[in-house]
Amino acid sequence: MTFDDLERHALRAVQQPGVATALRERWQLVAIDEFQDTNERQLRILDAVARDHLFMVGDQWQSIYRFRGADVAVFQRELASDATAKVYMLENFRSDAPVLDVVNGVFEHPELFGAGGYRAVRAGSEQQRAARGPSVDLLVVPHEASTLAAEAVEGGTRREREARRVAEHVAGLLDEGVAASDIVVVFESGWEIDRFEGALRALDVPTLRAASTGYYDQVDVRDVLAVLRAVRNPLDDLAVTSVLAGPVVRCDYGDLAALLREAGLGRGDAGARRRDARRPSLLDVAEGSTDPDITAAARWIGELREVERSSSIVEVVEHVVAHPAFELAAAGRADGVQRLANLRQLVVLASEARRVGVSSTARFLDYVDAQRRFQKLGEASIADETSGAVRLMTIHASKGLEFGHVIYVKADAVMGNGGLPGTPPAPLVDERGAVHVAVPSSDGPLRDTERLAELRVADDRHHHAERMRKAYVAMTRARTRLVVSAPVDAEADRDARTQPIATDHAPLHWIRATLDVWESSPDRLHGSELV
């Protein structure tokens with residue numbers, strides 16, 4: 001049963017005679033937080049249960065979960081209704097006044113969300129109000145390397161040059177005495193993080209990546225998960241192979257090949273879905289090895305299976321992570337702080353899984369697989385305040401958090417709302433639930449139908465509006481200093497001055513336009529400066 005199924009059945013339930021009445025008698029008031037992330041079906045459930053006793057808390061500028069079905073129009077409609085009593089809470093207790101001055105200056109611009117659509121927030125404490133700028137930097141990276149200033153880094157793609165400039169900026173902050181744990185680099189999407197992480201590590205900057213597909217692909221995490229897969233199923237020859245090749249044994253290629261041959265496994269056979277029940281498993285062969293390290297590893301897996309029978313999943317994961325080989329392998333690397341944090345995070349994940357009913361190694365591995373494939377939220381749980389590392393995370397992961405120094409990396413506009421170039425046009429669903437797909441044209445390529453083209457225009461408009469809201473969330477994570485980094489094509493930006501901001505694809509065009517920054521004139525930035 002999917003979450004969508006739960007919603008549908010819940011709505012059907014409250015529509016049955018007596019169900020909603022019984023619930024209303026049980027609760028005098030229903031309060032819902034993060035109301036901006038609801039949708040029409042969820043509101044119908046709430047209305048059936050609460051009627052006129054619904055207390056809603058939300059901020060439409062933080063509605064960034066459209067991919068999950070959230071519809072900010074529901075919030076906006078309720079906000080505009082005369083039947084809804086409203087209290088505006090416009091005090092911000094996170095960001096210093098110079099940061100808020102720039103944020104307000106950007107988002108009050110009428111071309112972003114329409115005149116009167118944004119309510120400026122104000123610093124809530126005297127300390128915030130007493131802060132002095134400049135507190136916002138625009139880290140401008142020209143599209144073409146040839147247009148870079150003499151002191152800028154030459155060579156590489158535009159994104160590689162941007163990653164190096166961001167890394168240099170972070171390294172400069174560390175040299176000034178800023179704590180690494182008080183710096184975060186936030187991204188619109190996780191696929192961008194690898195290049196920036198590499199640039200930071202090249203300057204020996206310790207980094208800590210928020211849990212994501214990238215986190216699960218880290219070698220230390222894969223090694224621990226391989227052990228857990230072998231505990232779950234000792235006949236999983238591929239998992240056992242990974243254990244033997246990993247830090248616990250570090251079996252060389254020749255010895256490992258000999259073990260595979262003795263187990264009757266040829267090239268690629270270890271990953272086969274079916275195995276011959278008449279041949280020994282690779283773990284059986286390892287137990288009979290003359291190499292003491294190999295037999296010790298095989299016995300250890302058996303011991304872990306015993307631990308699993310009498311302990312919680314958290315204790316099992318703790319036993320695996322506590323193996324000296326994992327800590328030594330992590331600590332011996334240049335990015336040892338991050339590697340050790342990766343290991344600790346697996347114990348945290350096991351604790352989270354136990355809280356939702358996961359009690360076995362098999363179920364935990366299923367939980368991890370689901371996180372890897374689907375989880376886009378809650379990524380910030382990997383952040384460790386004592387790690388002494390610069391955090392790298394998506395905007396979704398950063399929501400609800402705050403940092404002294406925030407570097408916001410804008411996504412490439414080429415991604416747009418249609419995915420990677422060369423991919424087929426995405427289907428869209430209309431308000432009646434009908435799916436509209438592109439159809440082959442007379443000359444071969446797929447083309448949008450007239451209705452699909454109309455839906456795509458509306459979808460693009462919603463997509464760009466959400467990108468602006470993502471920018472708002474990213475920018476308001478900063479307490480004292482904000483950096484916005486993005487490419488700039490000077491000629492294209494100048495030509496784009498008259499274009500509507502909300503539909504413009506130039507990543508820095510709308511920020512520079514709202515601040516009236518078309519030349520390198522720091523005095524025109526009202527609390528910000530160009531870098």
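Residues numbered from 1 in each chain as written. Predicted model: local features only at pLDDT ≥ 70, side-chain atom pairs only at ≥ 80, totals over all residues. Heavy atoms only, no water.

Q: Mind showing me how you'd approach the nonpolar core here?
A: The tendency in soluble globular proteins is for nonpolar side chains to be buried as a group. One finds Leu228, Leu244, Val317 and Phe364 to be the most contacted residues of the largest nonpolar core, which totals 53 residues. Setting aside anything within four residues of it in sequence, one finds Leu228 in contact with Val316, Val317, Val320, Thr361, Phe364 and Leu365. Counting 33 residues, the second largest nonpolar core, distinct from the first, contains Ile64, Val103, Val121 and Val186. (Core = buried A, V, L, I, M, F, W, Y, C linked by side-chain atoms within 4.5 Å. Buried < 20%, exposed > 50% of the residue type's maximum accessible area, 1.4 Å probe, protein only. Contact = heavy atoms within 4.5 Å.)

Q: What is the right way to look at the pattern of salt bridges in this model?
A: Pairing is possible between side chains that carry opposite charge, provided their charged atoms lie close to one another. Summed over all chains, the structure comprises 21 salt bridges. Ionic pairing is found between Arg451 and Glu431, a salt bridge with its closest N-O pair at 3.2 Å. Of this pair, Arg451 sits in helix 21 (residues 450-475) while Glu431 sits in the loop between strand 10 (428-429) and strand 11 (435-436), and the two are 20 residues apart along the sequence. On the basis of relative accessibility, which here comes to 30%, the residue Arg451 falls in the partly exposed class. Of the residues examined, Glu431 reaches a relative accessible area of 64% and is grouped as exposed. Connected via shared salt-bridge partners are Asp4, Asp5, Glu7, Arg8 and Arg41. (Salt bridge = Lys/Arg side-chain N within 4 Å of Asp/Glu carboxyl O. Helix = DSSP H or I, 4+ residues; strand = E, 2+ residues; numbered from the N terminus.)

Q: Looking at this model, I keep getting lost on a nonpolar patch on the surface. Mind explaining?
A: There is a patch of nonpolar side chains on the surface, built from Val429, Val435, Val437 and Val439 and spanning about 330 Å² of accessible area. When you line up the elements, Val429 lands in strand 10. On the basis of relative accessible area, Val429 is assigned to the exposed category, the value being 53%. (Patch = residues over 30% accessible without salt bridge, like charges linked within 9 Å, V, L, I, M, F, W, Y side chains within 5 Å. Areas by Shrake-Rupley, 256 points an atom, 1.4 Å probe, with all protein chains shown as cover.)

Q: Could you clarify how one ought to interpret empty space enclosed by the protein in this entry?
A: Think of a ball as big as a water molecule: rolled over the atoms, this probe shows where empty space is left. Counted under the stated rule, the structure contains two cavities of 30 Å³ or more. Reported here for the second largest cavity is a volume of approximately 30 Å³. Contributing to the lining of the second largest cavity are Asp223, Ala226, Val227, Ser242, Val243, Gly246, Pro247, Val248 and Phe326. When contributions to the lining of the second largest cavity are tallied by element, the ones reaching two or more residues are helix 11 (219-232) and helix 12 (237-245). For the lining of the second largest cavity, the class distribution of residues is six nonpolar, two polar and one charged. (1 Å grid on protein atoms, 1.4 Å probe; cavity = no way out; pocket = protein on both sides within 12 Å on 5 of 7 lines; lining within 4 Å. Points joined across faces, edges and corners; volume = space filled by probe spheres on them. Nonpolar A, V, L, I, M, F, W, Y, C, P; charged D, E, K, R; others polar.)

Q: Can you help me understand the layout of surface pockets in this one?
A: By volume, the largest pocket is sized at about 1,300 Å³. Lining the largest pocket are 38 residues, and of these Val57, Gly58, Asp59, Phe75 and Met89 sit closest to its centre. If you list the elements that add at least two residues to the lining of the largest pocket, you get strand 2 (54-56), helix 4 (72-80) and strand 3 (91-92). Grouping the amino acids of the lining of the largest pocket by side-chain chemistry returns 17 nonpolar, 10 polar and 11 charged.

Q: It is not clear to me how the environment of Val484 should be interpreted in this structure. Could you clarify?
A: Positionally, Val484 belongs in strand 14 (residues 478-488). Classification of Val484 as buried rests on a relative accessible area of 1%.

Q: Help me understand the packing of aromatic side chains in this model?
A: Aromatic ring pairs are reported here in terms of the distance separating the ring centres and the angle at which the planes meet. A complete count under the given rule lists eight aromatic pairs for this structure. Judged by centre distance (5.9 Å) and plane angle (45°), the rings of Phe35 and Phe75 are tilted. Here Phe35 is found in the loop between strand 1 (30-32) and helix 3 (40-50), whereas its partner Phe75 is found in helix 4, with 40 residues between them in sequence. For Phe75, a relative accessible area of 10% puts it in the buried group. Through a chain of ring-to-ring contacts, the aromatic side chains of Trp61, Phe107, Tyr118 and Tyr472 assemble into a single cluster. The side chain of Arg68 reaches across the aromatic face of Tyr65, ending 4.7 Å from its centre. The ring of Tyr88 has Arg119 sitting right over it, with the charged end atom 3.7 Å from the ring centre. (Phe/Tyr/Trp six-rings, centres within 6.5 Å; stacked < 30°, edge-to-face > 60°. Lys NZ or Arg CZ within 6 Å of the ring centre and 35° of its normal.)

Q: How do you make sense of the confidence of the model for the protein chain when you look at a structure like this?
A: Note that predicted coordinates carrying low pLDDT should not be read in detail. Chain-level pLDDT for the protein chain is 80 on average; 78% of the residues reach the 70-or-more range. Contacts from residues 376-386, a stretch scored under 50 in pLDDT, to residues over four places away or in other chains number 30 contacts. Here residues 517-531 is a poorly scored stretch, pLDDT under 50, and it has 42 contacts once near neighbours within four places are set aside; other chains count. (pLDDT = per-residue confidence, 0-100.)

Q: Explain the side chain of His436 to me, please; I cannot follow it from the model alone.
A: For His436, the position within the fold is in strand 11. Polar contacts involving the side chain of His436 include one to the side chain of Asp430, which spans 2.9 Å. Among all residues touching His436, those that are not within four sequence positions of it are Pro427, Leu428, Asp430, Arg451, Leu452 and Leu455. (Polar contact = N/O pair within 3.5 Å; in protein donor to acceptor, adjacent residues only side chain to side chain.)

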